[in-house]
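# A look at the structure
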Amino acid sequence: MSEFLLQAPPGELNDVLSDVRAISGTSDAVFDEAMLPTLEQVDVEQLTVVHLPHATAATVLCSDAVLVTKSQRLYIDPRQRQSFAYDPLTGSVGQLTSYSVDDALERLRTALDGAMRGYVADHYAQGAVAVFACGQRPLANETNEAQTGELARSAAQMDEAALDVQDETSPTMNADGVAIDASNAPDAPSPAAIPDNMAQVDDAAKQQDIVMAPFEPQQPQVDAEKQHLYAIHLVGNKYNPENFWTGRWRSSYCIDISAGTISGTNKLTVHYYEQGNVQLRADKVVALSFGASSKSDDQVSKAIVKAIADSERSYQTTLNAAYSELSEKTFKELRRGLPKTRQKLDWAKISSYRLGAELSRN
């Protein structure tokens with residue numbers, strides 16, 4: 001059943017998921033849990049677009065955005081500098097956590113992100129793009145998980161301290177349930193001792209406030225071997241169910257700044273289903289170059305975007321020409337040709353033709 005989800009046409013994943021769930025023969029809870037890894041794979045492969053709260057632009061779920069911790073799968077939005085959890089079943093996001101970045105790597109990433117956003121806005125009606133500095137990754141949430149554990153331990157200690165003071169200051173009851181005067185009771189704490197005990201609780205409460213302060217941003221993990229590498233993932237979606245077609249363009253690039261090269265893929269998927277079910281899948285491997293290693297960040301970004309724009313424009317022109325020829329030439333060649341008379345054969349009058357007469361005699 002996973003294959004049905006992996007091959008779902010653009011914009012129709014929920015429809016396929018509902019159909020597969022209906023024929024699975026299991027409960028919704030069991031089915032959803034079993035399909036969760038597949039849905040996560042679909043999100044990454046199809047470059048699912050996600051809008052974070054208060055973000056100025058959408059981000060893209062992709063292989064470079066995955067941040068796996070010990071307990072869960074997270075993603076990062078390099079533009080917002082946040083990690084987050086994403087539920088593929090509901091499309092909701094949560095657990096947003098800020099992380100810091102390496103300034104040197106971030107300058108070029110920001111410049112490239114701005115240039116790519118302009119390109120996507122000009123060429124894709126419903127497009128989104130995400131740019132990653134491969135040399136920096138936020139540390140997985142082990143730090144925050146450790147802080148969460150410390151928070152729980154501190155809360156437990158504070159509760160124990162409060163219970164101790166409550167026991168010391170509570171009135172002693174006799175067998176009849178009548179309170180005994182604490183001043184006459186043996187081993188009763190003196191009045192001066194009570195404020196000291198309360199001060200301990202206040203100190204515990206202050207310590208609790210410190211622990212409950214917002215977590216510090218995650219620190220970046222810089223990989224010296226990848227500081228010259230950047231990744232770009234862009235997706236353009238166009239859905240027109242009223243006219244029975246949907247389409248998606250996906251591009252993924254790896255930019256080597258030191259070598260001045262760009263490698264990646266372009267993938268196009270179109271589904272047309274009016275009185276039929278036809279899908280178009282086209283892939284292209286990209287290998288480009290740009291000569292901007294010694295220029296400024298803005299100049300490097302513009303050179304990269306120009307190389308990508310020229311490559312995608314050429315590929316789209318080639319696709320248009322190929323499928324124009326397909327409809328005008330290739331499909332016509334598949335049709336049965338007319339006889340030499342250039343007239344259609346009337347099978348109702350086959351006996352009146354010489355060939356028909358000969359066939360009837362034989």
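Okay, so let's go over this structure. (Residues numbered from 1 in each chain as written. Predicted model: local features only at pLDDT ≥ 70, side-chain atom pairs only at ≥ 80, totals over all residues. Heavy atoms only, no water.)

### Considerations on the overall build of the protein chain
When helices and strands are counted, the protein chain shows eight helices and 15 strands. Looking at the protein chain residue by residue over its 362 residues, the buried ones come to 34%. Pairs at least 24 apart in sequence give 60% of the contacts found in the protein chain among residues at least 6 apart. Carbon and sulfur atoms provide 52% of the accessible area of the protein chain, an area that totals close to 22,000 Å². (Helix = DSSP H or I, 4+ residues; strand = E, 2+ residues; numbered from the N terminus. Buried < 20%, exposed > 50% of the residue type's maximum accessible area, 1.4 Å probe, protein only. Contact = heavy atoms within 4.5 Å. Areas by Shrake-Rupley, 256 points an atom, 1.4 Å probe, with all protein chains shown as cover.)

### Here we look at the nonpolar core
Judged by nonpolar contacts, the single largest core of 30 residues is most densely connected at Met116, Ile232, Leu234, Ile255 and Ile304. Those elements that provide at least two residues to this core are helix H4 (103–123), strand S7 (127–133), strand S12 (229–240), strand S13 (245–256), strand S14 (261–272), strand S15 (278–289) and helix H7 (297–334). Here this core gets eight residues from one element, more than from any other, and that element is H7. Look past the residues within four positions of isoleucine 232 in its chain and what remains in contact with it is Leu112, Met116, Val129, Ala130, Val131, Ser251, Ser252, Tyr253, Ile255, Ile304 and Ile308. The next biggest cluster of nonpolar side chains, apart from the first, holds 26 residues, and it includes Val50, Ala58, Leu67 and Tyr99. (Core = buried A, V, L, I, M, F, W, Y, C linked by side-chain atoms within 4.5 Å.)

### Concerning the pattern of salt bridges
Working definition: two side chains of opposite charge can pair if their charged atoms are close together. By the definition in use, this model includes seven salt bridges. Measuring nitrogen to oxygen at the nearest pair gives 3.7 Å for the salt bridge that ties arginine 81 to glutamate 106. With a gap of 25 residues between them, arginine 81 in the loop between strand S4 (73–77) and strand S5 (82–87) and glutamate 106 in helix H4 connect regions that are remote in the sequence. We classify arginine 81 as partly exposed; its relative accessible area is 35%. Judged by its relative accessible area of 5%, glutamate 106 falls in the buried class. Between glutamate 106 and arginine 109 there is a salt bridge, and its shortest N-O distance comes to 3.1 Å. Of this pair, glutamate 106 and arginine 109 both sit in helix H4, three residues apart, which is roughly one turn of the helix. Of the two residues, glutamate 106 and arginine 109, both sit in the buried class. Where salt bridges share partners, they join Arg21, Asp28 and Asp32 into one cluster. (Salt bridge = Lys/Arg side-chain N within 4 Å of Asp/Glu carboxyl O.)

### Considerations on the environment of threonine 110
Within the secondary structure layout, threonine 110 lies in helix H4. Exposure remark for threonine 110: the relative accessible area of 39% places this residue in the partly exposed category. Sequence-wise, threonine 110 and arginine 79 are 31 residues apart; in three dimensions their C-alpha atoms are separated by 7.7 Å. There is a polar contact of 2.8 Å between the side chain of threonine 110 and the backbone oxygen of glutamate 106. (Polar contact = N/O pair within 3.5 Å; in protein donor to acceptor, adjacent residues only side chain to side chain.)

### Overview of the side chain of histidine 233
Positionally, histidine 233 belongs in strand S12. A polar atom in the side chain of histidine 233 sits 2.9 Å from the side chain of serine 252. Ignoring anything within four residues of it in the chain, the contact list for histidine 233 reads Leu47, Val60, Cys62, Ser63, Asp64, Ala128, Val129, Ala130, Phe132, Ser251 and Ser252.

### Here we look at the sheet that holds S13
By definition, the strands of a sheet pair up through backbone hydrogen bonds, in either a parallel or an antiparallel sense. If you walk across this open sheet you meet the five strands as S7-S12-S13-S14-S15, and the pairing is antiparallel. At either margin of the open sheet sits one strand with a lone partner, and together these are S7 and S15. For this sheet, the mean inter-axis angle between neighbouring strands, taken without regard to orientation, is 10 degrees. Where S13 and S14 come together, twelve bridges link them in antiparallel fashion. Paired with aspartate 256 across the bridge in S14 is threonine 261. In the packing of H4 onto the sheet, the strands contacted are S7 and S12, and the crossing angle to S7 comes to about 165 degrees. (Pairing = 2+ DSSP bridges. Axes fitted to C-alpha atoms, helices over the stretch in contact; angles between N-to-C directions.)

### Here we look at the sheet that holds strand S6 (residues 92–98)
The antiparallel open sheet is built from four strands, whose spatial order is S3-S4-S5-S6. The open sheet is flanked by strand S3 (66–68) and S6, the only strands paired with a single partner. For this sheet, the mean angle separating the axes of adjacent strands, direction not counted, is 35 degrees. In terms of strand pairing, S3 meets S4 through three bridges, oriented antiparallel. Within S4, the residue paired with leucine 67 across the bridge is leucine 74.

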